[in-house]
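# Structure assessment
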Amino acid sequence: MNTIQLECFVVVAQYLNFSRASEDLKITQPAVSHQIRTLEEELGVKLFKRTSKSVSLTPEGIQFYPDAELILKTAMSAKKRLGVHENFVPFEVGCCSCPELNLFPPVFKQLAREFPLLRPSVRLVPSPSLPGLLDHKKIPASFQIKERQTKSSLCFRELGSASVACICAPEHPLAQYETLSRNQLSGSIIVSSPRQIPGALFAIQNQILSQLPPQEHYVTETLESVFTLAKAQLGYTLYPDLPMARDPGLCYIPVTDFPRLPFGIYYHRDNDHPVLKRFLTVCSETFSGR
């Protein structure tokens, strides 16, 4: 397995089109196909399903994609460090949704002052996949709602608790309330795939879904789609309310009879990343009292 094979795989996976991938990579389409074929032979699985009209990832291809990206990033980072003779410190942390990206800027700002060679980045990962990445030390830490069952090797530092909020457009009928009870929730609900949300929230959403007819359900694959449909006034959604992560185009109304959900940072107890300890402290200082 080499970086050329992996780069070809990642670019084809992004475009799902061999012709566009060859243009992006600036090599011929047969060369791209050869690299994919030799990679598949080495791995012993098919990574793409190809027909005369379409290209799609196989289940094995979907599973392999994040590993291929990580290997490429690591190789590129190592090459860059060697080329410029700088001891950069990569620090990739995780979170579950785009709104949570808003939690990082004040933390990274402080860390960059203290560690000039720090090169932080954020990986968006479905909630159920984060424990595995942490356990295998592919990322040192992740923002996440606390789960009831986690790997014993992981630690959780609580930063606060989040109310479950009804999130909707300002024009939605529910937006007029300052607080809501479960019985006051009305209209269509918008939910995402269970892989995108914490288990505690999935249980709450299931309670609501079970009482509504199918015509009042909107189910999407991503949280970004959920918030987009909410802005389109197609319904409301339920999600933990983290004030620093709020979308200014939506209203957040706490649902008072749902339990608050602990929010914080998961990390591996044996991870010795040089910045991790300071990252935990800065997060605690940043979010205390918020």
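Residues numbered from 1 in each chain as written. Predicted model: local features only at pLDDT ≥ 70, side-chain atom pairs only at ≥ 80, totals over all residues. Heavy atoms only, no water.

As a further point, take the UniProt feature "domain: HTH lysR-type" (unreviewed entry) in the protein. Per the UniProt record, "domain: HTH lysR-type" (unreviewed entry) is found at residues 1-58. Each end of residues 1-58 is marked by a C-alpha atom, and these two atoms are 19 Å apart; helix forms 62% of the span and strand 10%. (UniProt positions renumbered as here; feature names shortened; annotations may be inferred. Helix = DSSP H or I, 4+ residues; strand = E, 2+ residues; numbered from the N terminus.)

Moving on to the side chain of Gln205. Within the secondary structure, Gln205 is located in helix H7 (residues 199-209). Every residue in contact with Gln205, bar those within four places of it in the chain, is listed here: Val191, Ile197, Thr237 and Leu238. (Contact = heavy atoms within 4.5 Å.)

The next point concerns the side chain of Ser142. With respect to the element layout, Ser142 can be found in strand E5 (residues 141-145). In this structure the side chain of Ser142 is engaged in a polar contact, spanning 3.2 Å, whose partner is the backbone oxygen of Gly94. Apart from residues lying up to four places away in sequence, Ser142 is in contact with Gly94, Cys95, Leu130, Leu134, Gly264, Ile265 and Tyr266. (Polar contact = N/O pair within 3.5 Å; in protein donor to acceptor, adjacent residues only side chain to side chain.)

Trans is the common state for peptide bonds, and a negative phi is the common state for residues other than glycine. Positive phi, normally seen in glycine, also occurs at Lys26, with a value near 60 degrees. Along the chain, Lys26 falls in the loop between helix H2 (18-25) and helix H3 (29-43). Overall, Lys26 belongs to the exposed group, its relative accessible area being 72%. Even without being glycine, Lys137 reaches a positive phi, approximately 60 degrees. Within the secondary structure layout, Lys137 lies in the loop between helix H6 (130-135) and E5. (Buried < 20%, exposed > 50% of the residue type's maximum accessible area, 1.4 Å probe, protein only.)

Among the 5 residues in strand E7 (residues 164-168), 5 count as buried, and that is most of the element. Side-chain alternation along E7 places Val164, Cys166 and Cys168 on one buried face and Ala165 and Ile167 on a second face that is also buried. With 4 bridges joining them, E7 and strand E10 (residues 237-240) adopt antiparallel strand pairing. Residue pairing in the sheet places Ala165 in a bridge with Tyr239 of E10. For E7 and strand E11 (residues 251-254), the ladder comprises 4 bridges, and the chain directions are antiparallel. Note on E11: the bridge partner recorded for Cys168 is Cys251. (Pairing = 2+ DSSP bridges.)

As a further point, take the environment of Leu250. For Leu250, the location among the structural elements is in the loop between E10 and E11. For Leu250 and Asn206, which are 44 residues apart along the polypeptide, the C-alpha to C-alpha distance reads 23 Å. Discounting chain neighbours no more than four positions away, the residues touching Leu250 are Ile167, Cys168, Ala169, Phe227, Ala230 and Lys231.

Another point: the pattern of salt bridges. One side chain can pair with another of opposite charge once the charged atoms of both are near each other. Evaluated as defined, the whole model comprises 8 salt bridges. One salt bridge in this structure joins Lys73 and Glu92, with 3.5 Å as the shortest N-O distance. Of this pair, Lys73 sits in helix H4 (residues 59-84) while Glu92 is found in strand E3 (residues 89-95), placing the two residues 19 residues apart along the sequence. Arg246 is paired through a salt bridge with Asp241; the nearest N and O atoms lie 2.7 Å apart. (Salt bridge = Lys/Arg side-chain N within 4 Å of Asp/Glu carboxyl O.)

If you trace the 3 strands from one edge of the open sheet to the other, you get E10-E7-E11, paired in antiparallel fashion. Edge positions in the sheet fall to E10 and E11, since each of these pairs with one other strand and no more. Across this sheet, the average inter-strand angle for adjacent strands is 40 degrees, counted without regard to direction. Strand contacts of helix H8 (residues 223-231): E7 and E10, with the helix running at about 125 degrees to E10, the strand carrying the most contacts. (Axes fitted to C-alpha atoms, helices over the stretch in contact; angles between N-to-C directions.)

Below, the discussion takes up the packing of aromatic side chains. According to the stated counting rule, one finds 12 aromatic pairs in the structure shown. Centroid distance Phe9 to Tyr65: 6.3 Å. Interplanar angle 55 degrees. Geometry classified as tilted. With a gap of 56 residues between them, Phe9 in helix H1 (residues 3-15) and Tyr65 in helix H4 connect regions that are remote in the sequence. Arranged with centres 6.0 Å apart and planes meeting at 70 degrees, the rings of Phe18 and Phe48 form a pair that is edge-to-face. Here Phe18 is found in helix H2, whereas its partner Phe48 is found in strand E1 (residues 48-50), with 30 residues between them in sequence. By relative accessible area, Phe48 is classed as buried at 4%. Through successive ring pairs, a cluster of aromatic residues spans Phe91, Phe104, Phe108, Phe143, Phe263, Phe279 and Phe287. (Phe/Tyr/Trp six-rings, centres within 6.5 Å; stacked < 30°, edge-to-face > 60°.)

Before going further, it helps to spend a moment on the nonpolar core. Phe143, Cys166, Leu185, Tyr236, Leu238 and Phe279 are the most contacted members of the largest nonpolar core, which totals 57 residues. Considering each element in turn, this core owes the most residues, 6 residues, to helix H9 (residues 276-287). What Leu238 contacts, discounting residues up to four positions off in sequence, is Val164, Ala165, Cys166, Leu185, Ile189, Leu201, Ile204, Gln205, Ile208, Val255 and Phe258. Val10, Ala13, Val32 and Leu39 belong to the second largest nonpolar core, which has 19 residues in total. (Core = buried A, V, L, I, M, F, W, Y, C linked by side-chain atoms within 4.5 Å.)

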